[in-house]
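Next come the chains, spelled out residue by residue.
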Amino acid sequence: MSDNQFVDQLVVPGDVVLDLSSMANQTIKLGGGLRQESDAISVTKAGKLRLSKPNKYWVESSQKRYVPSVEDSVLGIVVDSRSDNFIVDIKGPAVAFLPVLAFEGGTRRNIPKFEVGALLYVRVVKANPGMNPELSCTDASGKAAEFGPLKDGYMFECSTGLSRMLLRSPPCPILEAFGKKISFEVAVGLNGRVWVNAASPSTVIIVANAIMRSESLSVAQQKIMVEKLLQNLNIST
Amino acid sequence: MEIDRIDGRTPNQLRPLTCSRNVLNRAHGSSSWSQGDTKVLAAVYGPKAGTKKNENPEKTCIEVIWKPKTGQTGKSEREYEMILKRTLQSICILTVNPNTTTLVIIQVVNDDGAVSFKVAICCGLAESGYVILDPAKLEEQKMKAFPYLVFPNSVLSVLPEGSPKVEGELMENGIITSVTQGAMAVDNYFHCLERGRAANEKMSAFLRRSLQPQLPG
């Protein structure tokens, strides 16, 4: 294929990466950052071009703002409530709607009450350009599955690239190393928000700071940093 | 026409370029760009929901604020803002996020000539590289006339015949914005265009290199 030289390479807006006139009968799926202009696929975001065989292309980049896409788990903050929707901010270009009945066993009689500023772990159900995204607090089969309000803990913002790194499998070294020694809860939203909760505030602070700092470190450096932090924690407790 | 420049540069030579991204904590995107002693800081916020009253809700509204190094904002700042806004509107694909507002703030940190358009904006929207002819402040004051020219980024293309063509002309040879001050002959203007285009290639290569160190993996 003619685009081999661009896959996994840095591409800049304006680059033409695929020539459709040379591939007549193939279906290609385009993800974020790519746009079709008549016969050519051109880049609209700076980042790395990625290919998932056989035919999915997208541009991977890390920003502070989030582009809503379906089936993403995100952390939203309630900004308003209407009779049939909660208005939730998910760091995207438009606020998102969370229907009042989109909870497990939700009926008109047991509508949850969220005050303004409540933090929710939700799933994006619809994300069409130009429309407000729609959210849900259940998974695809209707079960609650950890979605819903997050109580206590501490929420901080990070870039979308860091949230993707925290969610990948095998698990990222920071979470693995911390998980072996201390117990804590973490919720990662693909929109660049992370929530951490633990029994004592010092644990929460250590985990949160470590995650924030790990963005620019390599795997080995992350492990070294975690070991140092854990040593400090053991000395002080 | 060979001129001896004060700092010893040849007529075609640009000053050293530096660019760093993500310099501001709170801004959604930011970068600092310097060419010799001229330095500019740019911040981008958005896209945020909602547009202003008179703007088209089918498109993204781009607002530009230009802050000079000293003094109050006056007519020349408004002019820069308008030029930059028009340039960005013609570059960005405005229909991607309709009914949103993107705010661009330019702060001039140090002005040693050629300060306009010395902006490299990195954020989620579609942007391309900018270039201008590069006079230092003293040279600017002496010059009879100078144009500010904005060219499209040179693209890496897979198409066998090269870049897409618009009306028979290569799109790379097009020009996005041209603002001129002073009086010059038509031949001189075309001469400036050619020199600018040649410098554009170097700027584009620099832009690509500066975007290179991304997150590992």
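Everything numeric here is computed off the predicted structure, so don't read it as measured data. Each chain carries its own residue numbering, running from 1 in the written order of its sequence. Following the order in which they are written, the chains are lettered starting with A and the ligands numbered starting with 1. Local features in this predicted model are restricted to residues whose pLDDT is 70 or higher, and side-chain atom pairs enter the listing and the counts only when it is 80 or higher, whereas totals over whole chains, interfaces and linings include all residues. Note: side-chain values were computed over all heavy atoms of the structure, leaving out hydrogens and water.

Participant: Could you clarify how one ought to interpret the overall build of chain B in this entry?
Facilitator: For the purposes of this entry, the term helix denotes a DSSP run of H or I that reaches at least four residues, the term strand denotes a run of E that reaches at least two, and both are numbered from the N terminus. Scanning chain B from N- to C-terminus turns up 3 helices and 9 strands. Along chain B, helices and strands appear, N-terminal first, in the series β-β-β-β-α-β-α-β-β-β-β-α. Taking all 217 residues of chain B together, 43% fall into the buried category. For chain B, the computed accessible surface area is about 11800 Å², with 52% contributed by carbon and sulfur atoms. Burial here depends on accessible area, computed with a 1.4 Å probe over protein chains only, as a share of the maximum for the residue type. Under 20% is buried, over 50% is exposed, and the range in between is partly exposed. Calculation of accessible area relied on Shrake-Rupley with a 1.4 Å probe; when residues are assessed, cover is drawn exclusively from the protein chains displayed.

Participant: How should I be thinking about the pattern of salt bridges in this particular structure?
Facilitator: As a working rule, side chains carrying opposite charge can pair if their charged atoms are close by. Residues and elements named next belong to chain A. Only one rule defines a salt bridge in this text: a Lys or Arg side-chain nitrogen within 4 Å of an Asp or Glu carboxyl oxygen. Counted according to the given criterion, the structure contains 8 salt bridges over all chains. One salt bridge connects Glu60 with Arg50, and the closest N-O pair in it is separated by 3.2 Å. Taken together, the positions of Glu60 in strand β7 (residues 56–60) and Arg50 in strand β6 (residues 47–52) put the pair 10 residues apart, joining distant regions of the chain. Judged by relative accessible area, which is 23%, Glu60 ranks as partly exposed. Across the pair Arg123 and Glu71 runs a salt bridge, and its minimum N-O distance is 3.1 Å.

Participant: What is the right way to look at unusual backbone geometry in this model?
Facilitator: With the exception of glycine, most residues fall at negative phi, and the peptide bonds are largely trans. Residue and element names in this part refer to chain A. Its identity is not glycine, yet Ala145 carries a phi of approximately 50°, on the positive side. Residue placement: Ala145 occurs in the loop between β12 (134–136) and β13 (148–149). A relative accessible area of 38% means that Ala145 is categorised as partly exposed. Within the chain, Glu146 stands out as a residue other than glycine whose phi angle is a positive 75°. Following the sequence through the fold, Glu146 ends up in the loop between β12 and β13.

Participant: How should I be thinking about the sheet that holds β7(A) in this particular structure?
Facilitator: Paired through their backbone hydrogen bonds, the strands of a sheet run either parallel or antiparallel. Residues and elements named next belong to chain A. Across the sheet, 4 strands lie side by side as β1-β6-β7-β3; this open sheet has mixed pairing. The strands lining the two open edges of the sheet, one partner per strand, are β1 (10–11) and β3 (29–30). Only strands joined by at least two bridges in the DSSP assignment are considered to pair. Across 5 bridges, β6 lies against β7 in antiparallel orientation. When the sheet's bridge partners are listed, Leu51 is paired in β7 with Tyr57.

Participant: Can you help me understand the side chain of A:Arg123 in this one?
Facilitator: Residue and element names in this part refer to chain A. Residue position: Arg123 is located in strand β11 (residues 119–126). Polar contacts, as counted here, are pairs of nitrogen or oxygen atoms within 3.5 Å of one another; within protein the pair requires one atom able to donate a hydrogen and one able to accept it, and residues that are adjacent in sequence qualify only if both atoms are side-chain atoms. Polar contacts involving the side chain of Arg123 include one to the main-chain carbonyl oxygen of Thr138, which spans 2.8 Å. Within the structure, Arg123 has its side chain in polar contact with the backbone oxygen of Asp139 (distance 3.5 Å). Those residues in contact with Arg123 that sit more than four places away from it in its chain are Glu71, Asp72, Ser73, Glu134, Leu135, Ser136, Thr138, Asp139, Ala140 and Phe147. For this analysis, residues touch if any pair of their heavy atoms sits within 4.5 Å.

Participant: It is not clear to me how the nonpolar core should be interpreted in this structure. Could you clarify?
Facilitator: Across soluble globular proteins, you tend to see nonpolar side chains buried next to one another. All names here are of chain A. Buried residues of nine kinds, namely Ala, Val, Leu, Ile, Met, Phe, Trp, Tyr and Cys, make up a nonpolar core once their side-chain atoms join them within 4.5 Å. Among the nonpolar cores identified, the biggest contains 26 residues, and Leu166, Ile174, Phe178, Val194 and Ile211 are the most heavily contacted of them. Elements with a minimum of two residues in this core: α1 (160–167), α2 (173–181), β15 (184–189), β16 (193–198), α3 (201–213) and α4 (219–236). Here the element with the most residues in this core is α3; it accounts for 6 residues. Residue contacts for Ile174: discarding those within four places in its chain leaves Ala210, Ile211, Ser214, Gln222, Met225 and Val226. Counting 25 residues, the second-largest nonpolar core is a separate cluster that includes Val78, Leu98, Val122 and Leu150.

Participant: Is there a simple way to think about the sheet that holds strand β2 (residues 16–19) of chain A in this case?
Facilitator: All names here are of chain A. The antiparallel open sheet is built from 3 strands, whose spatial order is β2-β5-β4. On the outer flanks of this sheet lie β2 and β4 (34–37), each paired with one strand and no other. Here the strands of the sheet are splayed against their neighbours by 25° on average, with no regard to which way each runs. Axis lines are fitted through C-alpha atoms, for helices just across the contact stretch, and the angle between N-to-C directions can take any value from 0 to 180 degrees.

Participant: Is there a simple way to explain the packing of α2(A) against α3(A) in this structure?
Facilitator: The relative placement of two packed helices is expressed as an angle between their axes plus a distance between the axes. Residues and elements named next belong to chain A. Running from N to C, α2 and α3 point in directions that differ by 160°, and their axes come no closer than 10 Å. Regarding the angle of α2 to α3, the classification is roughly antiparallel. The interaxial crossing formed by α2 with α3 has right-handed handedness. Together, Ile174, Leu175 and Phe178 of α2 and Ile206, Val207, Ala210 and Ile211 of α3 make up the contact between the two elements. Grouping the constituent residues of the contact of α2 with α3 by class yields 7 nonpolar, no polar and no charged. Just so you know how the angles are binned, under 35 degrees is roughly parallel, over 145 roughly antiparallel, 65 to 115 roughly perpendicular, and the rest oblique. Crossing chirality is assigned from the near helix's rotation relative to the far helix, an anticlockwise turn below a right angle marking it left-handed and a clockwise turn marking it right-handed. As a working rule, the residues Ala, Val, Leu, Ile, Met, Phe, Trp, Tyr, Cys and Pro are called nonpolar, Asp, Glu, Lys and Arg charged, and the rest polar, with Gly in that last group.

Participant: How do you make sense of the confidence of the model for chain B when you look at a structure like this?
Facilitator: Any region with low pLDDT has predicted coordinates that should not be read closely. Residues and elements named next belong to chain B. Values of pLDDT, ranging from 0 to 100, describe the predictor's confidence in every residue of the model. When pLDDT is averaged along chain B, the result is 65; 56% of the residues meet or exceed 70. Within chain B, strand β7 (residues 165–166) has the poorest average pLDDT of any element, 40, and strand β4 (residues 61–67) the best, 85. Under a pLDDT of 50 for its full length, residues 115–145 has, in the predicted model, 119 contacts with residues more than four places off or in other chains. Across the predicted assembly, pTM comes out at 0.77 and ipTM at 0.75.

Participant: Even after reading the chapter, I still don't get the packing of aromatic side chains, so can you show me in this structure?
Facilitator: Aromatic rings considered in pairs are described by the distance between their centres and by the relative angle of their planes. All names here are of chain A. Any two rings among Phe, Tyr and Trp, with Trp reduced to its six-membered ring, count as a pair given centres within 6.5 Å; such a pair is stacked if its planes are under 30 degrees apart, edge-to-face if over 60, and tilted if neither. Counted according to the given criterion, the structure contains 5 aromatic pairs over all chains. Aromatic side chains Phe103 and Phe114 sit 5.8 Å apart centroid to centroid with 50° between the ring planes, which places their arrangement in the tilted category. Separated by 11 residues along the polypeptide, Phe103 in the loop between β10 (96–99) and β11 and Phe114 in the loop between β10 and β11 bring together distant segments of the chain. A relative accessible area of 13% means that Phe114 is categorised as buried. Measuring from centroid to centroid gives 5.2 Å for Tyr121 and Phe147, while their planes differ by 20°, and the two rings are stacked.

Participant: Sorry, what's going on with helix α1 (residues 75–91) of chain B here?
Facilitator: Side chains three or four residues apart in an α-helix point the same way, a direct result of the helix having 3.6 residues per turn. Residues and elements named next belong to chain B. The length a helix should cover is 1.5 Å for every residue beyond the first. Taking 1.5 Å as the rise per residue, α1 with 17 residues should run 24 Å; its terminal C-alpha atoms sit 24 Å apart, in good agreement. Buried within α1 are the following residues: Glu77, Tyr80, Glu81, Ile83, Leu84, Thr87, Leu88 and Ile91. An end-on view of α1 places all buried positions within 170° of arc, on one side of the element. Those residues of α1 that are exposed and aimed more than 90 degrees away from the buried face are Lys75, Arg86 and Ser90. Each direction from the helix axis to a C-beta atom contributes to the arc, which is the arc of those directions.

Participant: Hey, could you run me through the side chain of A:Ser214 in this one?
Facilitator: All names here are of chain A. Within the secondary structure layout, Ser214 lies in the loop between α3 and α4. At 2.9 Å, the side chain of Ser214 forms a polar contact with the backbone oxygen of Ile211. Once residues lying within four places of it in the same chain are set aside, the contact partners of Ser214 are Leu162, Met165, Ile174, Gln222 and Met225.

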